[in-house]
Amino acid sequence: MLIFKPKQLNWAMFFLLGFGYFSVMSHLEINYFLKNLIAIAPIQVAAIIYVTYRRWNCQPPVGELKIKN
C-alpha cells in the first residue's frame, strides 16, 4: 500500500489545479493578449505571496540584530 507524505500530496494537488487551470484557459475564446495576461496572473500572485511570506518570517543570522522600522 502506498503512503503519501503531506508534501507529496501538496505537489499533486498543485499539479492538478495548475493542469486544470491552464487547460481551461487554453479553451477560452478571448483576445490572445488578455488570455496570456489572465493565465499568468495566478503565478504572479503566488510569487508575491511567497516572497512576502519569506521576508516576514526570515530569521536573522546568529549575532545580527533584526532592525524594525
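Residues numbered from 1 in each chain as written. Predicted model: local features only at pLDDT ≥ 70, side-chain atom pairs only at ≥ 80, totals over all residues. Heavy atoms only, no water.

## Brief notes about the overall build of the chain
Then step 1. From N to C terminus, the chain includes 2 helices and 0 strands.
Then step 2. Buried positions account for 4% of the 69 residues belonging to the chain.
Then step 3. With an accessible surface of roughly 7,100 Å², the chain has 71% of that area assigned to carbon and sulfur atoms. (Helix = DSSP H or I, 4+ residues; strand = E, 2+ residues; numbered from the N terminus. Buried < 20%, exposed > 50% of the residue type's maximum accessible area, 1.4 Å probe, protein only. Areas by Shrake-Rupley, 256 points an atom, 1.4 Å probe, with all protein chains shown as cover.)

## Description of the packing of aromatic side chains
Then step 1. One pass over the structure, following the stated rule, counts 1 aromatic pair.
Then step 2. Ring centres of Phe15 and Phe19 lie 6.3 Å apart, and the angle between their planes is 20°; this geometry places the pair in the stacked category. Taken as a pair, Phe15 and Phe19 lie in helix 1 (residues 6-26) at a separation of 4 residues, close to a single helical turn. For the pair shown, Phe15 and Phe19 are each scored as exposed. (Phe/Tyr/Trp six-rings, centres within 6.5 Å; stacked < 30°, edge-to-face > 60°.)

## Examining the packing of helix 1 against helix 2 (residues 32-56)
Then step 1. At a closest axis distance of 10 Å, the pairing of helix 1 and helix 2 adopts a crossing angle of 170°. The pairing of helix 1 with helix 2 is recorded here as roughly antiparallel in orientation. Residues Tyr21, Phe22, Met25 and Ser26 of helix 1 pack against Lys35, Ile38, Ala39, Pro42 and Ile43 of helix 2.
Then step 2. Residue composition of the contact of helix 1 with helix 2, grouped by class: 7 nonpolar, 1 polar and 1 charged. (Axes fitted to C-alpha atoms, helices over the stretch in contact; angles between N-to-C directions. Parallel < 35°, antiparallel > 145°, perpendicular 65-115°, else oblique. Contact = heavy atoms within 4.5 Å. Nonpolar A, V, L, I, M, F, W, Y, C, P; charged D, E, K, R; others polar.)

## Regarding helix 2
Then step 1. Taking 1.5 Å as the rise per residue, helix 2 with 25 residues should run 36 Å; its terminal C-alpha atoms sit 37 Å apart, in good agreement.
Then step 2. At Ala41, helix 2 shows its largest kink, close to 35°, and the proline Pro42 lies no more than four residues downstream. (Expected span 1.5 Å × (residues − 1). Bend = angle between axes of the 7 residues up to and from the residue.)

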